[in-house]
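A structural walkthrough
Chain by chain, the residues:
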Amino acid sequence: MDEPEILPSGTDGILVRFARRLSDDANAQALAFKDRVAAAGVEGVTEVASSLVSVRVGFDPERTTREKITSSVRSLLSEKSPLDTAEKRLWRIPVAFGPDHAPQLAEAAELAGVSSDVAIREICDARLRVIAIGFAPGQPYLGMLPEHWNIARQTELTEGLPRGALITAVQQLILWAADAPTGWRHIGQTAFEVYRPDADAPFAFSPGDKVRFEAVSDSTMNDLLANSGPDGGATLEVLD
Amino acid sequence: MPNLSIIDAGPGLTVQDLGRPGWKACGLSTGGAADRLALFEAAALLGTSADAAVIEMMGYGGNFRADDDTRFVVTGAEMAASLGGEAVLPNTVYVLPAGEMLTIRGAKKGVYGYLAVAGGIQTEPVMDSRATHLTAAIGRRLQGGDVLPIGADQSKVAPFTHLQTEDRFSGGVIRVMAGPQTDFFARATIEQFANTDFLRSQRGNRQGVRLSYEGDAFAVDGGLNLVSDLIVPGDIQIAGSGVPYILLAECQTIGGYPRIGSVIPEDLPRIAQATTGTHFRFRFIDIADADATAISDTVLLRRLSAACKPRIRDPHDIADLASYQLISGTTAGDDLEGV
């Protein structure tokens, strides 16, 4: 494991990066360190957020300095991680991979060196976990797919992806929540809404949640898109 | 509570304040005004708090009417505005009398204009903020027929306070600090970036603006396989095709395209307010120098408040001059010539 890097992130933040490559280990360290910084109550810290392999510590330059925050972070890094005791949950989410809903499945499968059928099987068999939430509200980054799914983002950005689209790059999947362009490839469609602004709990996922995808036909998906609620036919199970 | 009625509106009107800090961990960026400085200018002029909600107007305003007298000010982009036949100058306090129409047309300079009223826009907060966040589906664009509650103005007397602001509409040299991914770029690419003339392209919104330039595309070797990482407004993202985007208030919270550096907050309003074709250059500065530019919201408001000055009205600006009794008694009628 590399030494964590401590880097500037704007005039009011530092970024602690645990690795330059995504791994389950680096992700677990980032999630645990985020909790540790949040619990430490460091003077002047305004916000702590984690991504896949890093943690951003935001601070108020009026109340503290970059040097003081860096020093606090260094001492927290030298402590042992607490055990992850958070309750885990499993989402089972229907997804359609047919021609109406998966325009780039064949292309992505080819880049991963497998047939479309094998690609679908690998995605549905994958033991996926919410490794980060971000880009857009509530949007989960799901990892990890097998190593041969380490495919690059495309050079050109795709516009106008439907919400609930399943997209892939660099060994991960995202359930798309944003109205924004992306370089990830569109390989499936769900009727799941990751963000529900009017609900009491606006964010469906928490980091650490487990996710299984279950393939359904395009016509089933059309029905779910038209008639189901924000869960889009998905079920939630709390694991021990 | 008094109301502000929007009689008609351009396509880019939203309620904004300083946004919702603290939700980055859930994927929700802070959002808020594209030009934060304009909110502090409005607060300094009206004597209000900087987090009072205002109407942000992208490119074009609309017609507005209040049902109670209220002081107001238009800050940010220089908008062509008028009230009762008189031009409304930017960064200057006026009274909008109950029932009279305030007309705000197109931006003459800049992109984002702000209409602030003394009591603030009092729409229902969502997660402690009134800011519309379009990509997060919080709030919506304003349209003709909307009626917004506003706080009562306790003063209603305009002292014609004016604030002289520095130009932030003309591009120029923008200061940039290194970010977490600056080292992912080759030294030569960073130098190429610092030596390139950029133009603000046609593409831009509250999320970010795209820049165009001539010359070789910036190399992003391995940039398409990077681990997605946390973003802050001001970050300069180099998309896969080598095209830079500068991210603004409503940016995504995590992104995978590498960021060559970050525009310091003090210079970010100059990016937000740049119209298509505005020229930029970027200059990297040390982290310590960048940090030294960070001043707190309290200090910023205090400085701006101290800079507000009573405006001496030029008689040429006063459309209804003839109705003013300039001297007790009569005037010769020609003593204003040559003023």
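Whatever comes next refers back to the structure up there.
Residues numbered from 1 in each chain as written. Chains lettered and ligands numbered in written order. Predicted model: local features only at pLDDT ≥ 70, side-chain atom pairs only at ≥ 80, totals over all residues. Heavy atoms only, no water.

Considering the sheet that holds strand E3 (residues 45–50) of chain A
All names here are of chain A.
- Pairing is antiparallel across the open sheet formed by four strands, whose spatial order is E1-E2-E4-E3. Each of the sheet's edge strands pairs with one partner strand only, and the pair in question is strand E1 (5–8) and E3. Strand after strand, the sheet turns through a mean of 20° between neighbouring axes, direction not considered.
- Across five bridges, the pairing between strand E2 (residues 13–17) and strand E4 (residues 54–59) is antiparallel. Residue pairing across strands places Arg17 opposite Ser54, the latter belonging to E4.
- Against the sheet, helix H1 (residues 24–40) touches E2, E3 and E4, its axis set at about 165° to E3.
- Of the strands in this sheet, E1, E2, E3 and E4 touch helix H2 (residues 66–77), which is tilted by about 25° from E2. (Pairing = 2+ DSSP bridges. Helix = DSSP H or I, 4+ residues; strand = E, 2+ residues; numbered from the N terminus. Axes fitted to C-alpha atoms, helices over the stretch in contact; angles between N-to-C directions. Contact = heavy atoms within 4.5 Å.)

Thoughts on the packing of helix H3 (residues 105–112) of chain A against helix H4 (residues 116–125) of chain A
Residues and elements named next belong to chain A.
- In contact at an axis separation of 9 Å, H3 and H4 are set at 85° when each is read in the N-to-C sense. If you check the angle between H3 and H4, you find them roughly perpendicular. On H4, the residues that touch Leu105, Ala106 and Ala109 of H3 are Ser116, Ala119 and Ile120. (Parallel < 35°, antiparallel > 145°, perpendicular 65-115°, else oblique.)

With respect to the packing of aromatic side chains
- Across all of its chains, the model carries 18 aromatic pairs over all chains by this definition.
- Measuring from centroid to centroid gives 5.8 Å for Tyr141 of chain A and Trp184 of chain A, while their planes differ by 90°, and the two rings are edge-to-face. In this pair, Tyr141 of chain A sits in strand E7 (residues 140–143) while Trp184 of chain A sits in the loop between strand E9 (172–175) and strand E10 (185–189), placing the two residues 43 residues apart along the sequence.
- When the centroid spacing of 6.1 Å and the interplanar angle of 35° are considered together, the rings of Phe203 of chain A and Trp23 of chain B count as tilted. Separated into two different chains, Phe203 of chain A in the loop between E10 and strand E11 (210–216) and Trp23 of chain B in the loop between strand E2 (13–16) and helix H1 (36–46) make up a pair that spans both.
- Judged by relative accessible area, Phe203 of chain A falls into the buried class, the value being 16%.
- For Trp23 of chain B, a relative accessible area of 29% puts it in the partly exposed group.
- Here the aromatic residues Phe193, Phe198, Tyr213, Phe218, Phe280, Phe282 and Phe284 of chain B are joined through ring pairs into a cluster of three or more.
- Above the ring of Phe192 of chain A, the side-chain terminus of Arg196 of chain A is found at 5.1 Å from the ring centroid. (Phe/Tyr/Trp six-rings, centres within 6.5 Å; stacked < 30°, edge-to-face > 60°. Buried < 20%, exposed > 50% of the residue type's maximum accessible area, 1.4 Å probe, protein only. Lys NZ or Arg CZ within 6 Å of the ring centre and 35° of its normal.)

Digging into the side chain of Thr103 of chain B
- Topologically, Thr103 of chain B is positioned in strand E8 (residues 101–117).
- Excluding anything up to four places from it in sequence, Thr103 of chain B contacts Gly62, Asn63, Ala80, Ala81 and Ser82 of chain B.

Examining H3 of chain A
Residue and element names in this part refer to chain A.
- By the burial criterion, the buried members of H3 are Leu105, Ala108, Ala109 and Ala112. Axial view of H3: buried residues confined to an arc of 100°, hence all on one face. Exposed residues on H3 whose side chains face more than 90 degrees from its buried face are Ala106 and Glu110.
- Here the buried face of H3 lies against H4, strand E8 (165–169) and E10.
- Looking one or two residues past H3, Gly113 carries a phi angle of roughly 80°, positive in sign. (Arc of directions from axis to C-beta.)

Focus on the side chain of Ser29 of chain B
Residue and element names in this part refer to chain B.
- Structurally, the position occupied by Ser29 is in the loop between E2 and H1.
- Side chain to side chain, Ser29 and His133 meet in a polar contact 3.1 Å long.
- Leaving out residues up to four positions away in the same chain, Ser29 has contacts with Arg20, His133, Ala249, Glu250, Cys251 and Thr253. (Polar contact = N/O pair within 3.5 Å; in protein donor to acceptor, adjacent residues only side chain to side chain.)

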